[in-house]
Each structure stands twice: as C-alpha cells, then as structure tokens.
Amino acid sequence: MLKDITLGQFFPGYTIVHRLDPRTKILSVVFYIAALFTAVSYVSYAFMFLVLCLCVGLSRIRPAALLKGLKPLLFILILTSLLNLFGTQGRVIFEVWILRITWEGLRNAVFMTARIMMLVCGTFLLTYTTSPLALTDGLEQLLSPLKKLRVPIHELSMMMSIALRFIPTLIEETDKIMSAQRARGADFETGSLARRAKALLPILVPLFVSAFRRADELAVAMECRCYHGGEGRTRMKVLTMQRRDYLTLLFWFFVLAMVIVLAVFGL
C-alpha cells in the first residue's frame, strides 16, 4: 500500500506539459478544480473526463501511474459512494430493511466518486510534471503581491516544496522499517483492526527519529550554504511566460466557461 502513494513524485520529461511555466500549471489546476466542481450533469462530467484524458496524453504520464495513486484512496471512495447511495432521499428504486437506494442517491454516488477520482488524477499531474524547485518558484511568484502585507511567501513556498519532496522519502523509509520489523517476526496484516493498529506503533518511533534526523541534516546543509530566506535571492532560471502558456490559460478559461454554460442550460 505504501508503494502505491505517488504524491510528490516527479517524472522528468520534455513534453509540452513539462515545458509549461509552473505558474501556468498551477493556474490550470485552479481552473480545472473550479470547472470540476461546477459540473452538475453527465455531459459536463464526460467533457471534463475528455479534458483530463487530453492532459494525460499530452504529458505522456502512464495512466497506470495515476491509477496507482488512487489505491490509497480506495476506502474513501467506497465510503463516499455508500454514504451518497444510501443517504440521499428521492425516488426509491430498491429497498430492503433499512437500506434504501434512490435514483438521486445513485446519481450522487456516481458523480461524487468520479469527481474525487478526476480531482486526484488532475492534481497529481501537477507534481508529476513539475519539479519541486520549479513548483516553489511558481508558487512564490504567484503569491508575491502578499509580500506587501509582510507575509513570508518565500518561506511558505519553501516549506511546501520540502514537504512534497520528502513524502516519497518518508514512504520509502517506512517501508524499510516495516521490512526490518517483519524480519524480526512482526505481523502487520493479520488479526483484528485494533491489533493491526497496535502493531504499527513500533514503526512510529524510528520513523519520527529518522524524520527529525533528516530535517536536522537539511537545516545544517542549508546553513552551510548561507541560506537566509528570500531576501536578495537570485534564480538560476528566471520564469518567463511564453505563447504556449497564454494559449494554455485561454484553453482552461474556455473549459471553465463551457462547463458553466452546460450547468446553466442543465445539460
């Protein structure tokens, strides 16, 4: 299960999606999320699915990698589906004991499950096609107007980038600790839920020790390189918006407008 968590990974490439400005990709994700939450019908959801397939195809990210990232969310997807399926009032199509399935519940279950899956896949494309450093620079420049309010934009962007960067590292460290515990006879897969949760406790202590050690080593490395925040810093690669970035933003504006039109006309 731990190996299925792909959040924070970056797949290098030279596709048109990889070459987009990170600010463009961040704004594209914002437009994508807004359009996805505006969709209210089968037509609009099918349209958003086609847009997602287009983005995946242009990025040349294997669909298996996106589906792999959905495995840790399987419980949430099932729970969301069941809550909407049995908790929505409307026209009854099936009823047994206290369980009642309605047309509205079935529709909501399909829509909510599809929305979560497309939301996760769409946002994962951002980290899959953007390096943590580029993501930090793009986020910092987008939020740069807040510097006038003395908001530490650079430090917040750096912390977010470091957190994303160390997610795969900590997952790998957890897998190593669990393998070492299994070699000593630990059992994480059998027994009741409470027993399995209790068996995970010996993993937390060495994991926290490893995390704090890595954080201390990173802090020492940054101090040795005279890191002192965003004051007076220069960049090796200066971000510049090109024609493909403006065309991409125009495309996403069209996608959002199209979904709004479909919602207004009930299509």
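Further up the page is the structure itself.
Residues numbered from 1 in each chain as written. Predicted model: local features only at pLDDT ≥ 70, side-chain atom pairs only at ≥ 80, totals over all residues. Heavy atoms only, no water.

Asks: What should I look at first to understand the side chain of K25 in this one?
Replies: Here K25 shows up in helix α1 (residues 22-38). Buried and unpaired, K25 has D245 as its nearest opposite-charge partner, separated by 8.1 Å. (Helix = DSSP H or I, 4+ residues; strand = E, 2+ residues; numbered from the N terminus. Buried < 20%, exposed > 50% of the residue type's maximum accessible area, 1.4 Å probe, protein only. Lys, Arg positive; Asp, Glu negative; His and termini not counted. Salt bridge = Lys/Arg side-chain N within 4 Å of Asp/Glu carboxyl O.)

Asks: Quick question: what am I supposed to make of the pattern of salt bridges here?
Replies: According to the stated counting rule, one finds 3 salt bridges in the structure shown. E172 is the salt-bridge partner of K176, the closest N and O atoms lying 3.8 Å from each other. Within this pair, K176 and its partner E172 are both found in helix α7 (residues 153-183), separated by 4 residues, close to a single helical turn. Among the ionic pairs, R214 bridges to E173, the shortest N-O distance being 3.1 Å. In this pair, R214 is assigned in helix α9 (residues 201-224) and E173 in helix α7, connecting sequence segments 41 residues apart.

Asks: Before we go on, may I ask you to explain unusual backbone geometry in this structure?
Replies: Peptide bonds are trans in most cases, and residues, glycine excluded, mostly fall at negative phi. Here R60, not a glycine, exhibits a phi torsion of approximately 60°, which is positive. Take R60: it is sitting in the loop between α2 (42-59) and α3 (63-70). Residue class for R60 comes out exposed when judged on its relative accessible area of 69%.

Asks: Sorry if this is basic, but what is going on with the nonpolar core here?
Replies: Grouped burial of nonpolar side chains is what soluble globular proteins tend to show. Of all hydrophobic cores here, the largest spans 26 residues; its most connected members are Y32, M48, L52, L66, M118, L125 and V255. Elements represented by at least two residues in this core include exactly α1, α2, α3, α5 (103-129) and α10 (243-264). Contacts of L66, omitting those with residues within four sequence positions, involve V56, I61, C121, F124, L125 and Y128. By size, the runner-up hydrophobic cluster in this structure holds 6 residues, among which are I26, L126, L135 and L164. (Core = buried A, V, L, I, M, F, W, Y, C linked by side-chain atoms within 4.5 Å. Contact = heavy atoms within 4.5 Å.)

Asks: Would you take a moment to explain the layout of surface pockets for this structure?
Replies: Over the atoms rolls a probe the size of a water molecule, and its path tells where empty space is left. Roughly 370 Å³ of internal volume is contained in the second largest pocket. As for the second largest pocket, its lining consists of 18 residues, and the residues nearest its centre are V17, L20, S28, C55 and W252. If you list the elements that add at least two residues to the lining of the second largest pocket, you get α1, α2, α5 and α10. Residues of the lining of the second largest pocket, tallied by class, amount to 13 nonpolar, 4 polar and 1 charged. (1 Å grid on protein atoms, 1.4 Å probe; cavity = no way out; pocket = protein on both sides within 12 Å on 5 of 7 lines; lining within 4 Å. Points joined across faces, edges and corners; volume = space filled by probe spheres on them. Nonpolar A, V, L, I, M, F, W, Y, C, P; charged D, E, K, R; others polar.)

Asks: What exactly am I supposed to notice about the pairing of strand β1 (residues 92-96) here?
Replies: When a strand is regular, its side chains alternate between the sheet's two faces. Pairing of β1 with strand β2 (residues 99-102), which is carried by 4 bridges, proceeds in the antiparallel orientation. Looking at the pairing, V96 lines up with L99 of β2. Between the antiparallel neighbours β1 and β2 lie 2 residues, among them W97 with a positive phi of about 55°. (Pairing = 2+ DSSP bridges.)

Asks: I keep staring at α10 and nothing clicks. Help me out?
Replies: Turn by turn, an α-helix covers 3.6 residues, leaving residues three or four places apart pointing in a common direction. Taking 1.5 Å as the rise per residue, α10 with 22 residues should run 32 Å; its terminal C-alpha atoms sit 32 Å apart, in good agreement. When α10 is considered as a whole, its buried residues turn out to be D245, T248, L249, W252, V255, L256, V259 and L262. Each buried residue of α10 sits inside an arc of 150° when the element is viewed along its axis, so together they form one side. Exposed and oriented more than 90 degrees from the buried face of α10 are R243, Y246, L247, L250, F253 and V264. Where α10 is buried, its residues touch α1 and α2. Looking at the residues trailing α10, positive phi occurs at G266, about 70°. (Expected span 1.5 Å × (residues − 1). Arc of directions from axis to C-beta.)

Just distances and angles here, no functional claims.
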